[in-house]
Amino acid sequence: MLETNPWNVDYYRSGQLRAQARAIADSGDIQQAVRLLNEESALWRGEPLAGLPGSWAARTRKNMEDERLRGAIDRVQFELHLGRHADLVVELSDLVDGNPYNEKLVELLMTALYRSGRQVEALEVYRRVRQHLVNGFGTEAGRQLQELHGRILQGDASLFLPPGSGIGTGRPKNNLPRDTSTFTGRTGELARLLDMATPHKTAVTVLAIDGMAGVGKSALAVHLAHQLTGQYPDGQLHLKLYGHDPENAPREPLAALDLLLRILGIPAARIPEGLEERATLWRAELTRRKALVVLDGAAGHEQISHLLPGAPGCLVLITSRRRLTGLDDVQSLSLDALPPDDAASLFRRIVGHGRAREADAVATLMRLCGYLPMAIHLVGNRFRHRSSWQVSDLVARLSDSNRRLAEIRGDNREISAAFELSYQGLDRPHQEAFRLFGLHAGAEFGVEGSAALLEADRHTTERILDDLLDHHLIAEPRRGRYQFHDLIRDYARQLSADRPELERRAARARLLDFYLHTADRADRLLHPQRARPPIEISDPPGVLPRLETAEDARKWFTEELQNLIHLAGHAADEHWPRHAALLPGVLSEFLDASGHWMDAATLHKRAINAWDELGDEAGAARARGDLARVLWRTGDLDDALAQATQALAVQRSLDDQQAMADLLDLISMIHIYLSEFTISQEYGLLALQTRRTVGDRHGEAESLSHLGIAWWHLGDYPAAGERMREALAVFQEIGDLLGQQKALNNIGDVELRLGDPAVALQYFEQAMAIGPEMGPQHQAIWFNNVANVRQRLDDLTGANQYYRNAVKLYQEIGDRRGEADALTNIGSCYARMGRDGEAFIHYQKARNIAVEISERHIEAQALRHIGDVHQAAGRHDHALGNYARALELAGAIGDLYEQAKALDQMGLSLLGTNLVRAEKCWRQALALYARLGVPEADDIRARLDTVQAPDRTDSTA
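Bear in mind the structure is a predicted one, so any value in this text is a computation, not a measurement.

Here is what the cut-offs are and how they apply
Every chain begins its residue count from 1, and numbering advances along the sequence as written. Given that this is a predicted model, residues contribute local features only at a pLDDT of at least 70 and side-chain atom pairs are listed and counted only at 80 or more, while totals for whole chains, interfaces and linings are drawn from all residues. For the side-chain quantities, the full set of heavy atoms in the structure was used; hydrogens and water were omitted. Note on conventions: DSSP H or I runs of at least 4 residues are helices, E runs of at least 2 residues are strands, and numbering of each starts at the N terminus. Type-normalised accessible area, obtained with a 1.4 Å probe on protein chains alone, sets the label of each residue: buried when under 20%, exposed when over 50%, and partly exposed for intermediate values. Only heavy atoms matter for contacts: two residues are in contact if any of them lie within 4.5 Å across the pair. Values of accessible area rely on a 1.4 Å probe in the Shrake-Rupley scheme; residue burial ignores everything except the protein chains shown. Residues adjacent in sequence count toward polar contacts only when both atoms are side-chain atoms; beyond that, a polar contact is any pair of N or O atoms within 3.5 Å, and within protein one must be able to donate a hydrogen and the other to accept it. In this analysis, rings of Phe, Tyr and Trp, with Trp reduced to its six-membered ring, are considered paired at centre separations within 6.5 Å, and the interplanar angle assigns stacked below 30 degrees, edge-to-face beyond 60, and tilted for intermediate values. The rule is short: NZ of Lys or CZ of Arg within 6 Å of the ring centre and within 35 degrees of the ring normal puts a charge over the ring. The directions considered for the arc are those from the helix axis to the C-beta atoms. In this analysis, the protein atoms alone were mapped onto a 1 Å grid. Cavities are point sets where a 1.4 Å probe fits without being able to get out; pockets are open sets with protein on both sides within 12 Å along at least five of seven lines; lining residues have an atom within 4 Å of a point. Grid points are joined across faces, edges and corners, and a volume is the space filled by probe spheres set on the points. Each residue gets one label: Ala, Val, Leu, Ile, Met, Phe, Trp, Tyr, Cys and Pro are nonpolar, Asp, Glu, Lys and Arg are charged, and the others, such as Gly, are polar. We count a salt bridge whenever a side-chain nitrogen from Lys or Arg sits within 4 Å of a carboxyl oxygen from Asp or Glu. In this description, strands pair whenever DSSP reports at least two bridges between them. Fitting a line to C-alpha atoms yields each axis, with helices limited to the stretch in contact; the angle taken between N-to-C directions then spans 0 to 180 degrees. Oblique is the label for any angle not covered by the other classes, which are roughly parallel (under 35 degrees), roughly antiparallel (over 145) and roughly perpendicular (65 to 115). Throughout, a crossing is termed right-handed when the near helix is turned clockwise from the far one, and left-handed when it is turned anticlockwise from it by less than a right angle. What we call a nonpolar core is a set of buried Ala, Val, Leu, Ile, Met, Phe, Trp, Tyr and Cys residues that are connected through their side-chain atoms within 4.5 Å. In predicted models, pLDDT denotes the confidence assigned by the predictor to each residue on a 0 to 100 scale. Expected span, for any helix, means 1.5 Å times one less than how many residues it has.

A. Highlighting the overall build of the protein chain. Looking only at helices and strands, the protein chain has 43 helices and 10 strands in total. Counting only C-alpha atoms, the protein chain reaches 125 × 90 × 55 Å along its principal axes. In the protein chain, which comprises 957 residues, the share counted as buried stands at 53%. A sequence separation of at least 24 residues applies to 65% of the contacts in the protein chain between residues at least 6 apart. Carbon and sulfur atoms provide 49% of the accessible area of the protein chain, an area that totals close to 42900 Å².

This is the structure in C-alpha cells:
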C-alpha cells in the first residue's frame with residue numbers, strides 16, 4: 001500500500017479546497033473563495049476512474065462527478081455575487097445543457113441572463129426546462145424556480161404590454177430612425193417610461209428624457225418608440241430639433257411645424273405662413289390620429305411648446321440636454337450613465353465578444369469612458385477597426401487624463417465636441433463658473449465651497465449651481481452636493497487650464513482657505529480637549545456652513561472628507577506648503593477615528609516634508625506624532641516607534657510638556673502591540689505623571705485606560721480593572737462620551753476574563769447605548785467583545801456572526817492586529833462546533849498576520865489553538881510542538897494567562913502517554929491560574945482530583 005499525504009491526491013485535495021473556499025467565503029473574502037474554487041476546478045481532468053468497470057466504479061464515478069458539479073455551482077454563485085453575470089452566461093448554458101434537470105443550474109443561468117439585461121432569454125430558459133419536466137416526468141418545476149420566474153416577470157414591465165390592437169387604414173407615416181442591434185440595458189428606465197406612457201383620457205401624454213451629452217437619450221427614445229409602434233397605428237414621426245448640433249442651428253418652431261405637416265402628407269399649399277396658424281393645423285390633424293411623435297434634441301421649452309398636440313390619443317417623446325422645467329404637465333426622466341455591467345455588455349456588442357475577453361481591462365476601459373454610451377461607441381468603433389489592438393492598448397491611451405478626451409473619437413466625431421456645444425449654450429457668467437469649478441480638486445462640491453471658489457454670495461452661487469444642473473453639466477447625487485461626470489470634469493479642467501496662472505492660483509487659494517478654516521472649526525468642536533496651535537486665515541471665507549455642535553462638525557467632516565483628502569494631496573503636489581502642512585494636522589483626529597488610516601499616513605508624510613520646507617521644527621514633530629499613531633494602528637510598529645521617538649526628542653528640546661505627554665502615551669501603546677508590557681507600563685506612568693502635571697484631564701483618562709490594558713496583559717486583572725474604572729470616572733467628569741465607551745468596553749473585557757460573562761455583557765451593552773456612534777475600529781472591538789461573551793454562553797452561531805462583522809470592519813480600515821484577533825476567535829467558534837478544518841484555516845491565517853506584524857501575543861494564541869486542532873485529531877506530537885512554541889512565546893512576553901493555557905493543553909495531550917508529565921503541567925498551570933484569579937483554576941483543580949499517576953511521589957508531583 002502506498003501511503004501519502006491526502007493533499008497529494010487530487011480528489012481529496014479538491015474536497016479540502018472546497019471546504020476552505022466555503023469557510024473563507026463565510027469570513028467575507030469572496031474573491032479568495034473564487035480563486036480556491038478555480039484551483040479546485042483545475043484539478044479535474046477527463047472522466048474519473050476512466051476505464052474501470054463494475055458497479056463500485058460506476059457509483060464512485062457518479063459521486064465524484066456530483067462533487068465536481070457542486071464545486072462548479074459554488075464558484076458560479078460566488079462569481080454572481082461579485083457581479084460577473086455577463087461573463088458566466090456561456091459557461092452556465094453549457095452546464096445546463098449537460099445537466100438539463102438540475103434546477104439550481106437553471107436558476108443560476110436565469111439569474112445571470114436577467115442581470116445581463118436578457119430577460120426574454122431568461123424566461124425562454126424557464127419555458128424550455130418546464131416543458132421537459134412536464135413532458136418527460138409529468139411534474140412541474142420546483143417552487144424556488146417558479147418563484148424566480150415570477151420575479152423576472154414582475155421586473156420586466158414591457159412583458160405586460162398587450163400586443164398592438166390593429167393597424168389604421170391607409171399607410172401610416174413612419175420616419176423613425178432604425179433601432180440599433182447594440183442597444184443595451186436601460187431595463188429600469190424603459191419600465192418607467194412604459195408606465196409613464198399610459199394614455200390619459202383628457203390630455204396628451206408628453207414624456208421628456210433629459211441628460212448630459214452622449215448619455216444615450218436619443219437611442220433610448222427611438223428604442224422605446226419602436227416598442228410602442230403597434231399602439232399608435234396612425235403614424236410614428238421623428239423630428240430632429242438640432243438643439244445642440246455642430247453643423248445645424250436649432251430648428252425654429254415655424255420650420256419644425258412645416259416639416260411635421262409635410263411628413264403627415266399635408267400639401268404645401270395647405271400649410272399656412274404664421275406660427276400660430278401652423279400650430280393650429282398641426283393640432284387639428286392630430287385630433288383624429290393616434291400618433292407617436294419623437295422630438296429629438298430640444299434646446300428648451302420655447303422651441304417645442306407649439307409642437308405639442310392638443311387632444312388626447314397621441315404620445316410625445318422629447319429628448320433634451322436641459323431639464324424642461326418651463327413645460328407644464330410633462331413627465332420627465334433624467335438619464336444617467338450606464339451601470340458598469342451594461343457598459344461592458346454594450347462594448348462587447350459593438351466590438352464582438354471574441355475581442356473583449358480581457359474582463360478586467362474592459363471594466364477599466366468602461367470606467368475611463370465614464371460609462372457614457374457615446375464614449376463607448378466611439379472607442380468601440382475605433383477598436384473594431386484596429387485588429388492588432390488589445391483592450392489594454394485602449395486602456396493605456398485613455399489612462400492619461402490630459403489625453404483622454406482627445407482619444408475618445410471616431411472619424412469626424414469627438415466627445416469633447418459634444419461638451420463644447422453644451423458649454424457654448426451658457427451665458428458668460430455661467431461659462432466662467434463652469435471653468436472655475438474645473439479647478440476644484442475634490443470629487444464633489446457643496447454650496448459653501450463653491451461660493452469660495454466663485455467669490456460669490458450664497459444666493460448667486462445656488463442659482464448658478466441650479467442652472468448648470470438644469471443643463472446637465474453637473475449632477476446632484478445628494479441634496480446640496482454637486483459633482484461632474486468624469487469626462488465633463490476633464491473638459492472643465494481643460495478650459496480652466498487656459499486661464500491666466502494668477503487667476504487660477506487666486507481661486508485655488510480661496511478654496512484651500514475655505515476648507516482649512518472650516519475644518520479647523522469642525523475639529524475644535526469635535527475635539528475641544530485637543531491641544532493645537534491657532535490657524536489664521538488672512539481673508540476668511542464669507543459663506544460658511546452651519547457648525548454649532550459636535551454633531552454638525554461630524555456631519556460636515558463626513559460629507560467633505562474625500563474633498564479634504566484630495567485637496568490636502570493637491571496642496572502638496574502643487575506647492576502650497578502651508579496648506580499641505582496644516583490640513584493633515586487638522587484632519588488627523590477625524591481620520592484616525594473614522595479608520596482612514598492609509599490616507600492619513602500619506603498626508604502626514606507629506607505634512608512632514610511641508611513643515612521641513614517651512615523650517616518649522618515643532619510642526620514637523622507634531623506631524624511625526626500623527627504619522628506614528630497611524631503606523632501603530634496599521635501594525636507598522638517598528639516605524640511607528642521610530643517616528644514617535646524622533647518626535648519626542650524634538651518636543652523635549654522645545655520643552656513642550658503637553659506634546660511630550662501625548663507622545664509618551666503613544667509609545668506606551670506601541671509597546672503593548674509589541675507585547676512588551678513592562679516597558680509599556682513605564683512609558684504609561686511617565687505619560688500619566690506629565691499629564692497630571694499640566695492638568696490635562698482628558699489625557700489623564702487616556703493614560704489610565706492604556707495602563708489598564710498593560711496590566712491586563714501582565715495578568716494583574718484587579719489593577720487593570722481599577723485603572724479602567726478610574727479612567728471611566730474622569731471621562732464621566734469631563735463629559736467625554738467616546739472615552740466612556742472605550743473604558744466600558746475595557747472593563748467588560750476584564751470581567752469576561754474573570755469569568756463573569758453576564759456582567760461583561762452589561763458593560764458592553766452600556767457602551768453601545770451611551771452614544772455617540774462609534775468609529776469603525778471601536779465598533780469592531782465592540783463586535784469582537786460581544787462575540788466573546790456569546791461564545792462563552794454557547795451561542796456559537798450568534799458569536800460567529802459578530803466576529804465576521806468585526807473582521808469586515810477591521811479589513812476595511814486596515815487594522816491587521818484586530819483582524820488577526822477576530823480570525824483566531826472565529827477559529828475557536830468553528831472548533832467548538834466540531835468543524836476543525838475551518839478552525840485550522842482561520843488559526844493559520846491569524847498566525848500569518850501576527851508574524852507579519854510581529855504581534856507575539858496573538859501569535860501565541862494562534863499556535864495554541866493550532867495545537868488544539870492537532871490534539872482533537874489525535875496528533876499529539878504535533879499538538880505538543882505547537883503548545884511548546886506558544887509557551888515559549890508567552891513566556892518571552894510575560895503573558896501569564898497564555899502560559900497557563902498552553903500548559904493546560906499540554907497536559908491534555910500528555911494524558912494518554914505520560915500521566916506524570918501531564919499532572920506536572922497542570923500543577924504549573926494551576927499556579928498561574930490561581931495567581932491570576934481566573935475561573936480556570938477551579939476547572940484544573942477538579943481535573944487533578946480525578947487523575948492519579950500510578951507511581952507518583954511528592955518529588956514527581
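So that's the structure; there's more coming.
B. Inspection of the environment of Asp-626 at higher detail. Position of Asp-626 relative to the elements: it lies in helix H27 (residues 617–634). Between the alpha carbons of Asp-626 and Ala-644 there is a distance of 8.6 Å; along the sequence they are 18 residues apart.

C. Representation of the side chain of Thr-60 in the model. Along the chain, the position of Thr-60 falls in helix H3 (residues 55–81). Of the polar contacts made by the side chain of Thr-60, one reaches the backbone oxygen of Trp-56; its length is 2.8 Å.

D. Spotlight on the packing of aromatic side chains. Enumeration according to the criterion identifies 19 aromatic pairs in this entry. Every member of this aromatic cluster is reached through a ring pair, and the members are Phe-419, Tyr-423, Phe-434, Phe-437, Phe-445, Phe-484 and Tyr-491. Here the basic side chain of Arg-386 rests over the ring of Trp-389, its NZ or CZ set 5.5 Å away from the ring centre. For Arg-723, the ring lying beneath its charged end belongs to Trp-711, and the centroid distance is 5.4 Å.

E. Broad picture of helix H18 (residues 415–424). Regarding H18, the residues found buried are Ile-415, Ser-416, Ala-418, Phe-419, Ser-422 and Tyr-423. One side of H18 holds all its buried residues, which, seen down the axis, span an arc of 155°. The inward-facing, buried residues of H18 contact helix H15 (373–384), helix H17 (404–407), strand S8 (413–414), helix H19 (428–437) and helix H22 (486–497).

F. Here's a closer look at the layout of surface pockets. Counted as a void, the second largest pocket has a volume near 1500 Å³. In terms of lining residues, the second largest pocket is bounded by 47 residues, among which Ser-218, Ala-219, Lys-240, Met-374 and Arg-413 are the most central. When residues in the lining of the second largest pocket are grouped by element, the largest group, 6 residues, is from helix H9 (residues 217–228). For the lining of the second largest pocket, a count of residues per class yields 18 nonpolar, 18 polar and 11 charged.

G. Representation of the pattern of salt bridges within the structure. The full count for this structure, using the stated rule, is 60 salt bridges. Where Arg-847 meets Glu-859, a salt bridge forms, and the shortest distance between an N and an O atom there is 4.0 Å. Taken together, the residues span a long stretch of sequence, with Arg-847 in helix H38 (residues 836–852) and Glu-859 in helix H39 (residues 856–872) at a distance of 12 residues. By relative accessible area, Arg-847 is classed as partly exposed at 22%.

H. Main features of the sheet that holds strand S6 (residues 331–334). Reading across from one edge, S1-S3-S4-S5-S2-S6 is the order of the 6 strands in this open sheet, with parallel pairing throughout. Only two strands of the sheet have a single neighbouring strand rather than two, namely strand S1 (173–174) and S6. The pairing of strand S2 (residues 205–210) with strand S5 (residues 315–320) spans 6 bridges and is parallel. Note on S5: the bridge partner recorded for Asp-210 is Ser-320.

I. Representation of unusual backbone geometry in the model. Of note, Asp-794 is a non-glycine position whose phi angle comes to about 70°, a positive value. On the secondary structure map, Asp-794 appears in the loop between helix H35 (776–792) and helix H36 (796–813). The exposure class of Asp-794 is exposed, given its relative accessible area of 54%. Backbone geometry at Ser-854 places phi at a positive 60°, although glycine is not the residue there.

J. Structural context of the packing of helix H28 (residues 637–654) against helix H29 (residues 657–673). Close contact between H28 and H29 brings their axes to 9 Å; oriented N to C, the two are set at 160°. The angle between H28 and H29 falls in the class roughly antiparallel. When the axes of H28 and H29 are compared, the crossing they make is left-handed. Each of Leu-637, Ala-640, Leu-641, Ala-644, Thr-645, Ala-647, Leu-648, Gln-651 and Arg-652 in H28 lies in contact with H29, whose residues at this interface are Ala-659, Met-660, Leu-663, Leu-664, Leu-666, Ile-667, Ile-670, His-671 and Tyr-673. Here the contact of H28 with H29 is built from residues that sort into 14 nonpolar, 3 polar and 1 charged.

K. Summary view of the nonpolar core. One finds Phe-347, Ile-415, Phe-419 and Phe-434 to be the most contacted residues of the largest nonpolar core, which totals 225 residues. Other than its neighbours up to four places away in sequence, Phe-434 contacts Tyr-423, Leu-426, Leu-473, Phe-484, Ile-488, Tyr-491, Ala-492 and Leu-495. Judged by nonpolar contacts, the second largest core, of 31 residues, contains Val-204, Ala-208, Leu-239 and Leu-281.

L. Layout of the confidence of the model for the protein chain. Looking at the protein chain as a whole, its pLDDT mean stands at 87, while 96% of the residues score no less than 70. Counting contacts from residues 156–170, a segment whose pLDDT is below 50, to residues more than four positions away or on other chains yields 17 contacts.

M. Structural view of the packing of helix H25 (residues 577–594) against helix H26 (residues 597–614). Contact geometry of H25 with H26 gives a least axis separation of 8 Å together with a crossing angle of 145°. Considering the relative orientation of H25 and H26, their crossing is left-handed. Along the contact surface, H25 presents Pro-577, Arg-578, Ala-580, Ala-581, Leu-582, Pro-584, Leu-587, Ser-588, Leu-591 and Asp-592, while H26 presents Trp-597, Ala-600, Leu-603, His-604, Ala-607, Ala-610, Trp-611, Glu-613 and Leu-614. Per-class residue counts for the contact of H25 with H26 are 14 nonpolar, 2 polar and 3 charged.

N. Examining the environment of Ala-687 more closely. Looking at the element boundaries, Ala-687 is found in helix H30 (residues 677–694). Given the relative accessible area of 0%, Ala-687 is considered buried. Residues Ala-687 and Leu-663, spaced 24 residues apart in sequence, show a C-alpha to C-alpha distance of 8.0 Å.

O. Inspection of helix H31 (residues 697–713) at higher detail. Over its 17 residues, H31 runs 25 Å from end to end, which matches the ideal 24 Å to within 8%, given 1.5 Å per residue. The residue sitting at the N-terminus of H31 and contributing the capping side-chain oxygen is Asp-696; that oxygen lies 3.4 Å from the backbone nitrogen of His-698. Downstream of H31 by a residue or two, Gly-715 has a phi angle that is positive, lying close to 90°.

P. A look at the pairing of S2. Of all 6 residues in S2, 6 are buried, a share of seventy percent or more. Of the two faces of S2, the one lined by Thr-205, Leu-207 and Ile-209 and the one lined by Val-206, Ala-208 and Asp-210 are each fully buried.

Q. How the structure looks around the environment of Leu-315. Among the secondary structure elements, Leu-315 is positioned in strand S5. Placed 620 residues apart in sequence, Leu-315 and Pro-935 show a C-alpha to C-alpha distance of 79 Å. Discounting residues that sit within four places of it in the chain, Leu-315 has contacts with Ala-197, Thr-205, Leu-207, Leu-228, Tyr-232, Ala-291, Leu-292 and Val-293.

R. View of the side chain of His-865. Position of His-865 relative to the elements: it lies in helix H39. In this structure His-865 comes out as buried when scored by relative accessible area, which is 13%. When near neighbours in sequence (up to four residues on either side) are disregarded, His-865 contacts Thr-824, Ser-828 and Tyr-843.

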